[in-house]
Amino acid sequence: MIKNYLKIAWRNIWKTKAFSIINICGLAVGMTACFLIALYVNFEQSYDRYHQKADRIYRLVCDVKTPTETINANITSGPMAMYAAKDLPEVENYVRILSNSLLIRKDNHKYQESSLFFADSSLFQLFDFPLIAGNPKTALKEPFSIVLSESAAKKYFGKEDPMGKSLLITDDGFNSKVTGIMKDIPENSQFKGDVFISMVTLIKMANFNFDEQWGNFGFTSYLLLKPNTDPSRLTAKFPAFLTNRVGKEMDQMKMHYTLFLEPLKEVYLHSKRGGFVSGNINNVYVFAVVALFILLIACINFINLSTARAVERAKEVGIRKVVGAYRIQITRQFIGESILICLLAFVISLLLCLVLIPYFNFLAGKEISGGIFLHPRYILFLFLLACLIGLLAGIYPALVLSSFKPVTVLKGKFSSNTKGLLLRKTLVVVQFVVSIALIAGTLIVNRQLAYMRNQNLGFNKDRVLILQTNGDAKSRILKDAIVSVPGVLASTVSGAVPGGENPVAYSEIENKQGDMQIANLPVYFVDYNYLPLYKIELAAGRTFSPDFGTDTAQAMILNESAVKLFGYAKPADAIGKKYSQWGSEGKIIDVIKDFHFKSLQSKIEPLSMRYGQGNGGGMVSLKIDGPHMNTALQAIEQKWQEIIPNRPFDYFFADEFFDRQYRAENRFGSLFLNFSVLAIFISCLGLFGLVSYHTTQRYREIGIRKVLGASVSTIVRLLSLDFLRLVAISIFIASPLMWLFMSKWLTDFAYHIDVSWWIFAVAGSIAIAIALLVISSLTIRAAMANPVKSLRNE
């Protein structure tokens, strides 16, 4: 019996090849898209969940409140985590991590390590970073101990055993000893380091004990709580802990600290404070919805075409009943055929996933998956999903067709009922609501990305080459030497550039009332040429100048946001006011216009600038003449090798560097566009099949109308109108829903576009144009057919 069912099912699939291909391909593409998005969503939610103690690990963060502002920091000072572990019995252990970039040398090989962290010896007690060699309890205990990842060990030592060998750190040549080799940290980790150096090494190198400096922020701190500890009760103890440890210091500085705990598992996606790497939970939700939408469209296609075609088999069912078939047997036949088609789609989906996963990894910008067969539970999910879709798509026609009387069918009096027609129209509307929503979403996402790329940033980043000297003592000498290179128009040395990191300084600025107002201000250390090179405009006063000897030690520049913070209505009112910052005292000499020194996702913050002493900072910015870019770059590298031969030549372009902040958004936009195109493609497949079916059903009607004098355009309009009405209804349903959804998504950006009505008009027009293209390709052919062919048997 089963063999007979399979044979009949295969014959029916082969008999209606066009419909079968549409059904199978549409469902396979939908299942593939759903599978890939499920991989992405699961990967984003998996960050740091592989640690055995992840449920008990919390990131310690701090709010710093002054009389005028509150800074929500994701870092702490050195003593906070250390003394929390000593004073609070709920804390079992702690670890502090400090990101850095240092020059590391091995023989004649030199590398500027950017994936480098200083860490406490407890690192491997909290986090599951397995050591291949070395003792996890002591690997980072002694000064100048260093642990390498497998990749870093191969880079420095090749096939040689690194354990106990030496590496030179920084220009001063601190001799470090390799005390451990760990496996490479997985991709789904907040911090992904290749080199870990013991925290006590930092104290030796800096000759500074930060364990007692409560105001010296910069450490990412994690606490391991004891089992069954309530984190909210521990948080309630933090105020008394801080008052006991540093209460007097906070009162003197007029700066109040508030500590909070963030669960390790939630930091990547849910924390608004950021971190080493950060995700976006809203993007995850968006993709989850898109996956459901695509799967919904594919299922609607399949069910629509399956129920529509079922009527054609009414006579077959009548004959089966006459020769003795039971209703349950007919029901099994229809459901079995439906499931068989879905399982064929499932197999094709697996093959598509196998081919597309590398491309998907490329689009996502990370190794989401190494292959489909590494995810057996997802394969099982797809298999069960295919069976469920087959069951849902087959059960309706099976129950309807198996219920009617064979006499009625064999007399040719059976036809599609109004309930079936209403169901198909409803499903078409749902399908186009989803398609229009995705088209509108794609337009909004791409407009926002274009807005961020093209927004006036308040500074010029075109043709600016930045050399990363990392604070080398000869940075200023290099800058002066490069000015003579043909094609170099200007040069400047600084401690920070737009889009990069910068220190935040405890500052006191004279406000409008004449009081010294406390604030934590981001600070750029720059030289005389910084503002002219980046074309940052002045709002009042003058820039740093060698004509004024006090500018190097007793002058500060503020931006417009900082001036407003201190109560001044006009920029000129702040000129000449006093400041105190990190041991330097002097006067405000200039107010610059606000510029975006961070991404457009955050508002422009108050900013201060001071003249950089000593080497001037770690970055040399060069304005390059466009036509001479390549020759200038070669000459610049030669100068570098002459002046700083101990460092690898390290450079980047200002525009590319600033735009790196939008990498996650650009990838989101690319993925959203690709999946939207897939959804629209599946919708077109379904519409093509449905229009083809309805045109076939009305073949004789078209012939009669042509005989009676109807024109081709009249028939095309008649056949198209019903479907276009459904598309119009879909536009009115999709527009308000997508307006609400995308308006919420845009709230993540401090500067964003407005969701205008015309976006939905364009999305609707695109949907209508696509529908017309699909419909007209079939209806014109049907309208132009010779009516004799359709009426010759009448």
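Residues numbered from 1 in each chain as written. Predicted model: local features only at pLDDT ≥ 70, side-chain atom pairs only at ≥ 80, totals over all residues. Heavy atoms only, no water.

1. Topic: the overall build of the protein chain
For the protein chain, the helix and strand inventory stands at 24 helices and 23 strands. Once the C-alpha set of the protein chain is aligned to its principal axes, its extents read approximately 105 × 60 × 55 Å. A burial count over the protein chain gives 51% of its 794 residues as buried. Excluding contacts between residues fewer than 6 apart, the proportion of contacts in the protein chain whose partners are at least 24 apart in sequence is 80%. Accessible surface computed for the protein chain: about 36,300 Å², of which carbon and sulfur atoms make up 58%. Between the centroid of the 84 positive side chains of the protein chain and the centroid of its 62 negative side chains there is a distance of 16 Å. (Helix = DSSP H or I, 4+ residues; strand = E, 2+ residues; numbered from the N terminus. Buried < 20%, exposed > 50% of the residue type's maximum accessible area, 1.4 Å probe, protein only. Contact = heavy atoms within 4.5 Å. Areas by Shrake-Rupley, 256 points an atom, 1.4 Å probe, with all protein chains shown as cover. Lys, Arg positive; Asp, Glu negative; His and termini not counted. Charge placed at Lys NZ, Arg CZ, Asp CG, Glu CD.)

2. Here we look at the packing of helix α15 (residues 475–482) against helix α18 (residues 629–643)
Packing of α15 against α18 brings their axes to within 10 Å, and their N-to-C directions diverge by 145°. Crossing handedness for the pair α15 and α18: right-handed. Seen from α15, the contacting residues are Ile477, Leu478, Ala481 and Ile482; seen from α18, they are Ile636, Lys639, Trp640 and Ile643. Considering only residue class, the contact of α15 with α18 consists of seven nonpolar, no polar and one charged. (Axes fitted to C-alpha atoms, helices over the stretch in contact; angles between N-to-C directions. Left-handed = near helix turned anticlockwise from the far one by under 90°. Nonpolar A, V, L, I, M, F, W, Y, C, P; charged D, E, K, R; others polar.)

3. With respect to unusual backbone geometry
Residues other than glycine seldom take positive phi values, yet Asp48 does so here, at roughly 65°. Note on placement: Asp48 falls in the loop between α2 (17–45) and β1 (57–65). Residue classification places Asp48 among the buried residues on the basis of a relative accessible area of 1%. The phi angle at Arg463 is positive, at roughly 55°, despite the residue not being glycine. As for its position among the elements, Arg463 is in the loop between α14 (418–454) and β13 (464–468).

4. Quick notes on the environment of Leu202
As for its placement among the helices and strands, Leu202 is situated in helix α6 (residues 199–206). On a C-alpha basis, the gap between Leu202 and Met619 in space is 22 Å, while along the polypeptide they are 417 residues apart. Ignoring any residue separated from it by four or fewer positions in sequence, one finds Leu202 in contact with Leu98, Phe118, Asn207, Phe210 and Phe219.

5. Details of the sheet that holds strand β14 (residues 488–494)
Think of a sheet as strands paired side by side through backbone hydrogen bonds, with each pair either parallel or antiparallel. Read across the open sheet, the four strands follow the order β14-β22-β13-β23; overall the sheet is antiparallel. The open sheet has two edge strands, β14 and β23 (651–653), and neither has a second partner. Here the strands of the sheet are splayed against their neighbours by 25° on average, with no regard to which way each runs. In the sheet, β13 pairs with β23 via three bridges, with the strands oriented antiparallel. By the bridge assignment, Ile466 is partnered in β23 with Phe652. (Pairing = 2+ DSSP bridges.)

6. A closer look at a nonpolar patch on the surface
Together, Val347, Leu351, Leu354, Val355, Leu356, Tyr359, Phe362 and Phe373 give the surface a local cluster of nonpolar side chains, amounting to about 860 Å² of exposed area. Positionally, Phe362 belongs in helix α11 (residues 327–364). (Patch = residues over 30% accessible without salt bridge, like charges linked within 9 Å, V, L, I, M, F, W, Y side chains within 5 Å. Salt bridge = Lys/Arg side-chain N within 4 Å of Asp/Glu carboxyl O.)

7. So, the packing of α2 against α11
For the pair α2 and α11, the least separation of the axes is 8 Å and the interaxial angle reads 45°. As far as their axial angle goes, α11 and α2 are oblique. Along this stretch, α2 crosses α11, giving a crossing that reads as right-handed. Each of Asn23, Ile24, Leu27, Ala28, Met31, Thr32, Phe35, Leu36, Leu39 and Tyr40 in α2 lies in contact with α11, whose residues at this interface are Ile341, Cys342, Leu344, Ala345, Phe346, Ile348, Ser349, Leu352, Cys353, Leu356, Ile357 and Phe360. Along the lines of polarity and charge, the residues of the contact of α2 with α11 split into 19 nonpolar, three polar and no charged. (Parallel < 35°, antiparallel > 145°, perpendicular 65-115°, else oblique.)

8. Some details on the environment of Asp748
By the element assignment, Asp748 lies in the loop between α22 (712–746) and α23 (757–783). Judged by its relative accessible area of 21%, Asp748 is partly exposed. Sequence separation of Asp748 and Lys272 is 476 residues, and the distance between their C-alpha atoms is 9.9 Å. Apart from the residues lying within four places of it in its own chain, the contact partners of Asp748 are Lys272, Asn280, Asn282 and Gln601. A distance of 2.9 Å separates a polar atom in the side chain of Asp748 from a polar atom in the side chain of Asn282. (Polar contact = N/O pair within 3.5 Å; in protein donor to acceptor, adjacent residues only side chain to side chain.)

9. Examining α2
Along its 29 residues, α2 runs 42 Å from first to last C-alpha, staying within 8% of the 42 Å computed at 1.5 Å per residue. In terms of burial, α2 is largely enclosed, as 22 of its 29 residues are buried. (Expected span 1.5 Å × (residues − 1).)

10. Section: the side chain of Gln468
Residue position: Gln468 is located in strand β13. Once residues within four sequence positions are removed from consideration, Gln468 is found in contact with Gly618, Met619, Trp640, Asp650 and Phe652.

11. Digging into the packing of aromatic side chains
Overall, the coordinates contain 40 aromatic pairs when judged by the stated rule. When the ring of Tyr524 is compared with that of Tyr530, the centres are 6.3 Å apart and the planes differ by 85°; the resulting orientation is edge-to-face. Each member of the pair, Tyr524 as well as Tyr530, carries the same accessibility label: buried. Grouping aromatic residues by their ring pairs yields a cluster made of Tyr40, Phe287, Phe360, Phe668, Phe672, Phe675, Trp745 and Phe749. (Phe/Tyr/Trp six-rings, centres within 6.5 Å; stacked < 30°, edge-to-face > 60°.)

12. Some points on the state of the cysteines
One pass over the structure, following the stated rule, counts zero disulfides. Just so you know, Cys342 is unpaired, no disulfide at all, and the nearest cysteine sulfur is the one on Cys299, 8.0 Å from it. For Cys342, a relative accessible area of 0% corresponds to the buried category. (Disulfide = S-S within 2.5 Å.)

13. Focus on the nonpolar core
Judged by nonpolar contacts, the single largest core of 130 residues is most densely connected at Phe35, Tyr534, Ile536, Met609 and Phe675. Ranked by the residues each element gives to this core, the list is headed by α2, at 16 residues. Those residues within four positions of Phe35 in sequence are excluded, and the remaining contacts are Cys353, Ile357, Ile372, Tyr378, Ile379 and Leu382. Within the second largest apolar cluster, 27 residues are counted, among which are Tyr58, Leu234, Phe238 and Phe241. (Core = buried A, V, L, I, M, F, W, Y, C linked by side-chain atoms within 4.5 Å.)

14. Regarding the confidence of the model for the protein chain
On average, the protein chain scores 86 in pLDDT, and the residues at 70 or more come to 92%. Per-element mean pLDDT across the protein chain ranges from 62 in helix α24 (residues 787–791) up to 97 in strand β18 (residues 555–559). (pLDDT = per-residue confidence, 0-100.)

15. Describing α6
Within α6 the residues assigned to the buried category are Met199, Thr201, Leu202 and Met205. Burial along α6 is one-sided: seen end-on, the buried residues are contained in an arc of 145°. One or two residues past the end of α6 sits Asn207, with phi positive at roughly 55°. (Arc of directions from axis to C-beta.)

16. Thoughts on the side chain of Asp551
Residue placement: Asp551 occurs in the loop between β17 (538–541) and β18. Beyond its immediate chain neighbours, meaning those up to four positions away, Asp551 contacts Arg542, Thr543, Phe544, Ser545, Ile589 and Tyr611.

17. Quick look at the pattern of salt bridges
Pairing is possible between side chains of opposite charge, provided their charged atoms come close. Per the stated rule, a full pass over the model turns up 19 salt bridges. Among the ionic pairs, Lys155 bridges to Glu113, the shortest N-O distance being 2.6 Å. One end of the pair, Lys155, is in helix α5 (residues 150–157); the other, Glu113, is in strand β5 (residues 109–119), and 42 residues separate them in sequence. A salt bridge links Glu160 to Lys165; the shortest N-O distance between them is 2.8 Å. A residue is classified by how much of its surface remains accessible, and Glu160, at 37% relative accessible area, is partly exposed.

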